[in-house]
Amino acid sequence: MTSVVPKTKLNLAVADAEEAKVWIEEVKKDVASEEVSQGKEATYEKTPSKFDRSEPNFGELPLVKSPEVWTGELANGMKLYGIENNELPLVSFDITIPGGHLLDPIDKSGVSSFMTSMLMEGTINKTSAELEEAIGLLGATINMNSSTEEIRITASCLAKNFDKTLALVEEILLEPRWDEKEFIRLKQALKTSLKGREASPRAIASINFNKLIYGDNTILGLPNSGTLESVDNITLEDLKAHYNNLAPRKASFHITGSITKTSAEKSLSSLATKWNKEGVAIPEITISQKDKTDQLYFIDVPGSKQSVIFIGKLALSATNPEFNNLAYANEILGGGSSGRLFQTLRIQKGYTYGAYSGIRPLQHIAPFIVATSVRSNATLPSLKIIEEMITTYGENFDEDDTETTKTKILKGSTRDYEGLNDKLNILREMSKYNKPASYIEEDQKELVGMSELDFKSIIEKYITENNMIYVVVGDKATQFEEVKKLNKVVTELDINGNRI
């Protein structure tokens, strides 16, 4: 296809050919490793204006005030958490039940996730199509899913339709259909999805990173959706047995929107009466941290045009008093598009579409992770940049970074608690980690009170490069010898994490 840009405009765009060479990168083929530069930054004159377009001086840091939260408890032991918000005639709510993937047997990993999918495929009195229609006629949404540490059924609706929507949630939860045909269909669809996952370099990297971090002898080292082998072991009877774990004793009901505490409790009276059984104890999972120094694991995806990189180590649990401090300390490194990882690997180098780092909140110990996908021929340069950035992060963290961190987080969070789902997340945080309603304000005070020395101490304790494992998924033919130049102990794995 020929260009439709007029020749005159093209000439204007590249009037000076010598200058153009500075910022137009040459496209190279069949190059195993390539360095690129940012290029010459554009300069321009501002258009004159009679309006004052200068930026105002920064005011005081905006601190968020915690919303008013009401709490309660049903006769069946389920805890209630609510935030009344009458801006719109809407309600969002969920029932969160501890367990989830933690209750999966290792040889049947994925049973919890499979069960939640099955529960959405109809009830005793409604087929899958009839249930979907009933939800649609209310203008509501109802979903159910299993995560690492809990099962959650979520819903949103018009406030006037709350009772009818809650009745459907109750029906889904207490009157499962267990249709054999739907089970067979869902199982085949799940196996097809898991098979397709084998072609995804990012999925391969994520799954094997978790396996290396936690080990394959704990359920945390296996994917929530299971594996082809574990899903093949799951029967309909297994789903029914796992369903018996759903109990209200340690469950929480979170609700926010245009509804009062009195109305919510009245509407929940039916569920309090009908759902009344004892659950099972969640097993204690022992996670042994093994010292792994300078380890890199390479997984071949032949012909891959990108390399997926996961780097990290087990850090701490969200119940640890230093969890927030680590999250704050990470902001400058990889907390978003303004982080150094993103700015260097994407903006300056053009190696990737994004690069981030962080830690996921879990009751169990969770890893600190750096993750990105880079051009295949930029694998080694990217690894060197990340290695250097992590290694020197603590020593280079200064007073300006301290103030920037506080400003970014506090100003960036000013609208984080406005939506109904945002308010639901506040309630979930309170119930899961036994936090007071004022925890948002307390977290802000903690951040404001951190000094440069506090940040450095946290970085030196948890963001230590030589204790992190590297997982690289890419094209072996062009990149395997390249990654060996990083001076790590390189081990090759297959896509299932087995040593080659």
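Coordinates for the structure precede this section.
Residues numbered from 1 in each chain as written. Predicted model: local features only at pLDDT ≥ 70, side-chain atom pairs only at ≥ 80, totals over all residues. Heavy atoms only, no water.

J.: Looking at this structure, I do not really get the overall build of the chain. What am I missing?
T.: The number of helices and strands found in the chain is 19 helices and 12 strands. Per-residue burial for the chain yields a buried fraction of 48% across its 500 residues. Counting only contacts in the chain whose residues sit at least 6 apart along the sequence, the fraction spanning at least 24 positions is 81%. In the form shown here, the chain has an accessible surface area of approximately 26,000 Å², with 50% of it arising from carbon and sulfur atoms. (Helix = DSSP H or I, 4+ residues; strand = E, 2+ residues; numbered from the N terminus. Buried < 20%, exposed > 50% of the residue type's maximum accessible area, 1.4 Å probe, protein only. Contact = heavy atoms within 4.5 Å. Areas by Shrake-Rupley, 256 points an atom, 1.4 Å probe, with all protein chains shown as cover.)

J.: Would you mind showing me how to read helix H5 (residues 162-174) here?
T.: Each turn of an α-helix holds 3.6 residues, which means side chains three or four residues apart point in the same direction. Counted at 1.5 Å a residue, the expected span for H5 with its 13 residues is 18 Å, and the 18 Å between its end C-alpha atoms agrees. Within H5, the full set of buried residues consists of Phe162, Thr165, Leu166, Leu168, Val169, Glu170, Glu171, Ile172 and Leu173. (Expected span 1.5 Å × (residues − 1).)

J.: Quick question: what am I supposed to make of a negative patch on the surface here?
T.: There is a patch of like negative charges on the surface, built from Asp398, Glu399, Asp400 and Glu403. Relative to the helices and strands, aspartate 400 is located in helix H15 (residues 399-412). (Patch = residues over 30% accessible without salt bridge, like charges linked within 9 Å, V, L, I, M, F, W, Y side chains within 5 Å. Salt bridge = Lys/Arg side-chain N within 4 Å of Asp/Glu carboxyl O. Lys, Arg positive; Asp, Glu negative; His and termini not counted. Charge placed at Lys NZ, Arg CZ, Asp CG, Glu CD.)

J.: Please explain the sheet that holds strand S3 (residues 90-98) as it appears in this structure.
T.: The strands that make up a sheet are held in pairs by hydrogen bonds between backbone atoms, and each pair lies either parallel or antiparallel. The sheet built from six strands is open, its strands ordered S1-S2-S6-S3-S5-S4 with mixed pairing. A single partner strand is all that each edge strand has here, and the edge strands are strand S1 (70-73) and strand S4 (141-146). For this sheet, the mean angle separating the axes of adjacent strands, direction not counted, is 15 degrees. Where S3 and strand S5 (residues 150-158) come together, nine bridges link them in antiparallel fashion. Looking at the pairing, proline 98 lines up with glutamate 150 of S5. (Pairing = 2+ DSSP bridges. Axes fitted to C-alpha atoms, helices over the stretch in contact; angles between N-to-C directions.)

J.: It is not clear to me how the nonpolar core should be interpreted in this structure. Could you clarify?
T.: Note on soluble globular proteins: their nonpolar side chains tend to be buried together. With 72 residues, the main nonpolar core has Leu326 and Ile463 as its most contacted residues. Contacts of leucine 326, omitting those with residues within four sequence positions, involve Ala315, Leu316, Ile359, Phe368, Ile458, Tyr462 and Ile463. Grouped together as the second largest cluster of nonpolar side chains are 51 residues, Met115, Met118, Leu119 and Ala155 included. (Core = buried A, V, L, I, M, F, W, Y, C linked by side-chain atoms within 4.5 Å.)

J.: So what exactly am I meant to see when it comes to unusual backbone geometry here?
T.: Most peptide bonds are trans, and most residues other than glycine sit at a negative phi. The phi dihedral of aspartate 294 is positive, around 55 degrees, even though this residue is not glycine. Inspection of the secondary structure assignment puts aspartate 294 in the loop between helix H11 (269-274) and strand S7 (295-300). For aspartate 294, a relative accessible area of 25% puts it in the partly exposed group. Even without being glycine, asparagine 487 reaches a positive phi, approximately 65 degrees. The topology assignment puts asparagine 487 in the loop between helix H19 (476-483) and strand S12 (489-493).

J.: Could you clarify how one ought to interpret the environment of threonine 235 in this entry?
T.: Topologically, threonine 235 is positioned in the loop between helix H8 (228-233) and helix H9 (236-243). On the basis of relative accessibility, which here comes to 37%, the residue threonine 235 falls in the partly exposed class.

J.: I keep staring at the pattern of salt bridges and nothing clicks. Help me out?
T.: One pass over the full model with this rule turns up 25 salt bridges. Between glutamate 237 and lysine 240 there is a salt bridge; the shortest N-O distance is 3.5 Å. Note that glutamate 237 and lysine 240 are positioned in helix H9 at a spacing of three residues, about one turn of the helix. Of the residues examined, lysine 240 reaches a relative accessible area of 29% and is grouped as partly exposed. Note that glutamate 278 is salt-bridged to arginine 249, the shortest N-O span being 3.4 Å. Pair noted here: glutamate 278 is in the loop between H11 and S7 and arginine 249 is in the loop between H9 and strand S6 (252-257), with a separation of 29 residues, a long-range link. With relative accessibility at 57%, the residue glutamate 278 sits in the exposed group. Of the residues examined, arginine 249 reaches a relative accessible area of 34% and is grouped as partly exposed.

J.: What's the story with the sheet that holds strand S8 (residues 306-316) in this structure? I'm lost.
T.: Spatially, the six strands line up as an open sheet ordered S9-S10-S8-S11-S7-S12, and their pairing is mixed. If you trace the sheet from one side to the other, it starts and ends with strand S9 (352-359) and S12, each paired once. Strand-to-strand twist in this sheet, taken as the mean axis angle between neighbours without regard to direction, amounts to 15 degrees. Bridge analysis of S7 against S12 gives five bridges, and the strand direction is parallel. Directly across from leucine 296, in S12, lies its bridge partner valine 490.

J.: Whenever I open this one, the packing of helix H13 (residues 340-348) against helix H14 (residues 379-396) confuses me. Can you help?
T.: Think of two packed helices as two axes; the pair is described by the angle between the axes and how far apart they sit. Across the interface, H13 lies against H14 with an axial gap of 11 Å and an inter-helix angle of 155 degrees. By the criterion of interaxial angle, the relationship of H13 to H14 is roughly antiparallel. Handedness of the H13/H14 crossing: right-handed. Across the interface between the two elements, Arg340, Leu341, Thr344 and Leu345 from H13 touch Ser382, Ile385, Ile386, Met389 and Tyr393 from H14. Residue composition of the contact of H13 with H14, grouped by class: six nonpolar, two polar and one charged. (Parallel < 35°, antiparallel > 145°, perpendicular 65-115°, else oblique. Left-handed = near helix turned anticlockwise from the far one by under 90°. Nonpolar A, V, L, I, M, F, W, Y, C, P; charged D, E, K, R; others polar.)

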